[in-house]
Amino acid sequence: MGAGEEKIITISVRNLVEFVLRSGDLDNRRTSSAEKDAMQAGSRIHRKIQKSMGAGYQAEVKLSCQMREGEFVFRVEGRADGILTEAGGVTIDEIKGVYRSLFRIEEPEPVHMAQAMCYAYFYSREKGLSSIGIQVTYCSLETEETRRFREEKSFEELEEWFRGLLHEYVKWARYLYSHGLKRDASIRDLPFPYPYREGQKELAVAVYRSIARKRNLYIQAPTGIGKTLAVIYPALKAVGEGLGEKIFYLTAKTITRTVAEETFHLLGEKGLYYTTVTVTAKEKLCVLEKPDCNPQACPRAAGHFDRVNDAVYDIIHQEREITRQVILEYAEKYQVCPFEFCLDITNWCDGIICDYNYVFDPNVRLKRYFAERAEGEYLFLVDEAHNLVSRAREMYSAALVKEDVLAARRLAKGKSPRLVKALDWCNRLMLEMKRECGEWEILESVAPLMQTVSGICGELEELLEEPAFDGREELLEFYFQVRDFSMIYELTDDCYRMYSQIREDGSFMVRLFCVDPSGNLSACLKQGNAAIFFSATLLPVNYYKELLSGNKEEYAVYANSPFKQENRLLIAASDVSSRYVRRNRSEYEKVAEYIRRITSGKAGNYMVFLPSYQYMDHVAEIFQEREQDFDWIRQKSRMGEREREEFLEQFELERSRPFVALCVMGGVFSEGIDLKAERLIGAVIVGTGLPQVNTEQEILKRYFDEKGRRGFDFAYQYPGMNKVLQAAGRVIRTGEDCGVIALLDERFLYAGSRSLFPREWNDCRVVNLENVEKTVKDFWAGREGVSEASP
């Protein structure tokens, strides 16, 4: 949307037709509703059809139309898959890749035909045509066969139909326009809510400049500088200046989503008129025990689309901060599916707070913004961006397990002979691959396997058209697995390694492993204007530039810590190591003694981060053998949400002696928790955080070695140091915090590790078991002297 002399509303063809024309039930039983995935998997099919159509066929043609309706000028734009010009006239072609049998498609989907009709109207209007052909081409992703539905429309028919479409949209456009004017006016007058902290203003300026230049920016900034506010505020200012339209605040964890909500709320109190919505996972919104979106299983699915627009219209006029609880209240009022309702709300909100996967994951990303390579005036604010490397690798990877194929065969027996045959073929191929596999093996090609996977997808589509039978749910899960495998295969290139592996449980897997996700991520980033990656642990920054956007020339800012270094004691032990070869009773006892001596310096709460649960068991065993001078608890594996809350509640208690919490480095308590002031006064970090040696870490190492980069650093050292820095970051959270950070591993003294230390770690002291207790007590004695001298 833009504001000028004319009230101009911009919308894509797809979003217009899908929004206005939908009606009836929400129903997941037709697996073809996974069409969004077929579209992405079908990009190769699109290209193949387009190339086969001859010289008179133009592919991927951008078309747009401006038309006045009511008080607005609408600019509707999109991309026609094809325009065929022949002696007999012109035909607009809309191509859709599908998995299901073409014989089951008796007529085109109304939304598909509507998209083609929009393009037909735009083209015939531009070229002055009195009539034009409209064609929807369905292509089987399994067999590559096509089925076409074609009809002729006069220009007058198309114009009347298109005006009707816009007329239905006018009241929504009225909201968008008036809301946008209020929003932009509020942003112009919006002050920064506090006096700037040291380094915060420079950070905000860098963010604004990067957005203005449509460049990506990487920010390394310590906790406590106010990163979230320093990123959101200039992004809002940029929106007010027309440099962006919608902000996506992307997070990896719920806790950082809450921080974003609080920041927008704070700015709202200062006069910001801005609507945000927090997108929550379907499982956390669903009113059923397990999501099952069809009218038979869920009463809200029946007639959902008949009611949802009224629900959306109500909520956007009444609410500015649309959180999970607000969505549930309105979904109850209108009896609609909360998750689908939430997604629809995003269309009318200025800011979307959501997990990374809603922008980047090819399975989950919001098709209303990102399908079919669509671009928009989007600003991506990527919080805790160090998490995106591993998350992206998982998003763009897929696996097929032989035992799952056999399980699917058992379920399909007696229901679909053709599916059983396709599964048998796949199983035989995987059996041959297993015989040739040692523990694991890099594969040059999986093309023969992909042929069988395509056949399985098609046959599963056929069978799953049946609404109910024994084993349907399990086969549907398997369908999603093979469909994902097929879709990821379309993405494979030199940034992937394909491998087979006999796993510890004896099962056999073929994996498409995305080693370098930068190509896939940058393709997503190009659909917006700019991205801001920020974290307290984005070191070394070139590592993240290479793996997140693939461009080492991107802008980067290093914000210095605003905290006094004398409030923090940083020590590294020279006489202990967590190396595998040094893991023995003597070393565990030394670590336990270090913990005792460090915590004896002052009563308070301490977190000890250990390399693994097994290592924790050994240390805990020593604690249990004799009475300790401190209280202690330990993190359990697979803790539920309530157990995690109870664990953190221990840090709220008043204590007369030290309290030690044993945690696993890289686990749920290593980052994203905020224990300020006396709630945490020390972190003891055992080991350098190196990932365990396994198949994928070794593949990573080899890959980067082959590329002429330091494979060990990329696969082990950099991810390990990130876990260390995250754990250390739990201690100093505000300007008033004091605390101890103890690095218990002699490898922290090596040049390779020290080169990865943040600038503010230039005062690291080397200690040993003999002098550590005195060093810590001297630090605390010095702090007590300062606090007594303070007014």
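Here the structure is a predicted model, which is why all the values come from computation and not from measurement.

## Notes on the sheet that holds strand S16 (residues 496-502)
Here's step 1: An order of S14-S17-S16-S15 is seen for the four strands of this open sheet, with the pairing classed as antiparallel. The open sheet has two edge strands with one neighbour each: strand S14 (398-401) and strand S15 (440-443). On average, each strand axis in the sheet is tilted by 20° relative to the strand beside it, whichever way the strands run.
Here's step 2: As judged from the four bridges shared by S14 and strand S17 (residues 508-514), these two strands associate in the antiparallel manner. For Val401, the partnering residue across the bridge sits in S17 and is Met509.

## Overview of the nonpolar core
Here's step 1: Phe162, Tyr169, Phe248, Phe341 and Phe360 are the most contacted members of the largest nonpolar core, which totals 191 residues.
Here's step 2: If you tally residues by element for this core, the top one is helix H5 (residues 155-188), at twelve residues.
Here's step 3: Apart from the residues lying within four places of it in its own chain, the contact partners of Phe341 are His304, Val308, Ala311, Val312, Ile315, Ile327, Tyr330, Ala331 and Val336.
Here's step 4: Counting residues in hydrophobic clusters, the runner-up holds 36 residues, among them Tyr588, Ile598, Val619 and Ile681.

## Concerning the pattern of salt bridges
Here's step 1: Per the counting criterion, the structure on display carries 53 salt bridges.
Here's step 2: For Arg79, the salt bridge identified is with Glu60, shortest N-O distance 3.8 Å. In this pair, Arg79 sits in strand S4 (residues 72-86) while Glu60 sits in strand S3 (residues 57-69), placing the two residues 19 residues apart along the sequence.
Here's step 3: Judged by its relative accessible area of 29%, Arg79 is partly exposed.
Here's step 4: In this structure Glu60 comes out as partly exposed when scored by relative accessible area, which is 24%.
Here's step 5: For Arg391, the salt bridge identified is with Asp355, shortest N-O distance 2.4 Å. Taken together, the residues span a long stretch of sequence, with Arg391 in helix H15 (residues 388-395) and Asp355 in strand S12 (residues 351-355) at a distance of 36 residues.
Here's step 6: Assessed through its relative accessible area of 10%, Asp355 is described here as buried.
Here's step 7: One network of salt bridges, with partners in common, ties together Arg183, Asp184, Glu245 and Asp350.

## Observations concerning the environment of Leu769
Here's step 1: Relative to the elements of secondary structure, Leu769 occurs in the loop between strand S26 (765-767) and helix H28 (772-789).
Here's step 2: Given the relative accessible area of 14%, Leu769 is considered buried.
Here's step 3: As a C-alpha pair, Leu769 and Asp575 span 194 residues in sequence and 7.3 Å in three-dimensional space.
Here's step 4: When sequence neighbours within four positions are dropped, the list of residues in contact with Leu769 reads Asp575, Lys590, Glu593, Tyr594 and Arg597.

## Section: the environment of Ile681
Here's step 1: Relative to the helices and strands, Ile681 resides in the loop between strand S23 (659-664) and strand S24 (682-686).
Here's step 2: Separated by 369 residues in sequence, Ile681 and Val312 place their C-alpha atoms 47 Å apart.
Here's step 3: Leaving out residues up to four positions away in the same chain, Ile681 has contacts with Lys602, Ala603, Gly604, Asn605, Tyr606, Val731, Cys738, Gly739, Val740 and Trp780.

## Focus: the packing of aromatic side chains
Here's step 1: For the structure shown, the criterion picks out 46 aromatic pairs.
Here's step 2: For the pair Phe248 and Phe380, a centre-to-centre distance of 5.7 Å together with 45° between the ring planes defines the contact as tilted. You can see Phe248 sitting in strand S9 (residues 246-251) and its partner Phe380 sitting in strand S13 (residues 378-382), a full 132 residues away along the chain.
Here's step 3: Since its relative accessible area comes to 0%, Phe380 is described here as buried.
Here's step 4: Sitting above the plane of the Tyr273 ring, Arg320 keeps its charged end 4.6 Å from the centroid.

## Side note on the UniProt feature "domain: Helicase ATP-binding" (unreviewed entry) in the protein chain
Here's step 1: Summarizing the sequence annotation, UniProt attributes the feature "domain: Helicase ATP-binding" (unreviewed entry) to residues 186-435 in the numbering used throughout.
Here's step 2: The annotated region residues 186-435 carries 52% helix and 12% strand content, and the separation between its end C-alpha atoms amounts to 67 Å.

Thresholds, definitions, all that
Residues numbered from 1 in each chain as written. Predicted model: local features only at pLDDT ≥ 70, side-chain atom pairs only at ≥ 80, totals over all residues. Heavy atoms only, no water. Pairing = 2+ DSSP bridges. Helix = DSSP H or I, 4+ residues; strand = E, 2+ residues; numbered from the N terminus. Axes fitted to C-alpha atoms, helices over the stretch in contact; angles between N-to-C directions. Core = buried A, V, L, I, M, F, W, Y, C linked by side-chain atoms within 4.5 Å. Buried < 20%, exposed > 50% of the residue type's maximum accessible area, 1.4 Å probe, protein only. Contact = heavy atoms within 4.5 Å. Salt bridge = Lys/Arg side-chain N within 4 Å of Asp/Glu carboxyl O. Phe/Tyr/Trp six-rings, centres within 6.5 Å; stacked < 30°, edge-to-face > 60°. Lys NZ or Arg CZ within 6 Å of the ring centre and 35° of its normal. UniProt positions renumbered as here; feature names shortened; annotations may be inferred.

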